[in-house]
Amino acid sequence: MAYALALPQSNLVASGVQRAVYLHPTDRTKLIKVLKNAATMPRRQNFNGVMDRWFPSTRLRQIRKEYAEYQRVMLDHPEPEFRAPMSHMFGFVTTNIGLGCLTERVMQPNGGLGETLSEKIKAGTFSDAHLALLNDTVARLFDYNIRASDMNPSNFVFGQRDNGLGPGPEECVLVDGFGDIHAIPVRSMAKWSNRMGLHDSCKRLARNTGLAWNRATRQFSRS
């Protein structure tokens, strides 16, 4: 019998459409994103739901694209000082509830999960310092030509990363939604097409957070 990492329900910290996120049971620096069982998922009538039913392989497409983009970016930037604006990924693990994707955990100083941009906006705790961290991350997305297809407020997390040597400085990290997941991979065709896509994503992010997006400076500001 193959070894499976046991994930207690008490370790569940978030649940999306396709994956559930668990605390790693033995490594406080990592999270495990588990692909949900298709048979237990609610029947959705939208386009994505229809695609999931008729073409089950599309459920895995986002994961493949995510790993491919992470691999591309890291191989393009082997320099030790490279600071990735998205979360690091560590491969797969078999768990008692399904296939798990290992990813780094962005934490608060007390060890709790980092707060998302959405949470900070709703709580009124989004400060000028957080705005600067968000702008730093977005600048690196453009500078490194990263294909980010789902830049929603819940995918940006503020906190510290720990590479095993102790927690680093506070930063803003894109923890999900990178990779060219569109049916026609326009963003992968050229840098200019990806820049257009990033600008569109930033405009949507601004609308969803009440911020203002400046296309010329590639920066957010308070509206």
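In this report, we go over the structure that sits alongside the text. (Residues numbered from 1 in each chain as written. Predicted model: local features only at pLDDT ≥ 70, side-chain atom pairs only at ≥ 80, totals over all residues. Heavy atoms only, no water.)

A few points about the overall build of the protein chain
No. 1: Summing up its helical and strand segments, the protein chain has five helices and ten strands in all.
No. 2: Within the span of the protein chain, comprising 223 residues, buried residues form 45% of the whole.
No. 3: Contacts spanning at least 24 positions in sequence make up 58% of the contacts within the protein chain whose residues lie at least 6 apart.
No. 4: When the accessible surface of the protein chain is split by element, carbon and sulfur atoms take 57% of a total near 12,000 Å². (Helix = DSSP H or I, 4+ residues; strand = E, 2+ residues; numbered from the N terminus. Buried < 20%, exposed > 50% of the residue type's maximum accessible area, 1.4 Å probe, protein only. Contact = heavy atoms within 4.5 Å. Areas by Shrake-Rupley, 256 points an atom, 1.4 Å probe, with all protein chains shown as cover.)

Comments concerning the environment of Thr26
No. 1: With respect to the element layout, Thr26 can be found in the loop between β2 (19-23) and β3 (30-35).
No. 2: Thr26 gets classed as exposed once you look at its relative accessible area, which sits at 69%.
No. 3: In this structure the C-alpha to C-alpha distance between Thr26 and Leu5, which are 21 residues apart in sequence, comes to 9.9 Å.

Looking at the sheet that holds strand β7 (residues 156-159)
No. 1: Here we have three strands laid out as an open sheet, ordered β6-β7-β8, and antiparallel in their pairing. With partners counted over all chains shown, the strands left at the sheet margins are β6 (115-116) and β8 (171-174), one partner each.
No. 2: Pairing of β6 with β7, which is carried by two bridges, proceeds in the antiparallel orientation. Each residue of the ladder has a partner; that of Glu115, found in β7, is Phe158. (Pairing = 2+ DSSP bridges.)

Some remarks on the nonpolar core
No. 1: Met86, Leu134, Phe156 and Phe220 are the most contacted members of the largest nonpolar core, which has 32 residues in total.
No. 2: Where this core is concerned, the elements lending two or more residues are α2 (58-76), α4 (128-143), β7, β8, α5 (191-209) and β9 (211-214).
No. 3: A per-element tally of this core places α4 first, with five residues.
No. 4: Ignoring sequence-local partners within four residues, the contact set of Met86 consists of Tyr70, Val73, Glu104, Ile146, Arg161, Val173, Leu174 and Phe178.
No. 5: Core analysis: the second largest hydrophobic core is formed by eight residues, Leu7, Ala20, Val93 and Leu102 among them. (Core = buried A, V, L, I, M, F, W, Y, C linked by side-chain atoms within 4.5 Å.)

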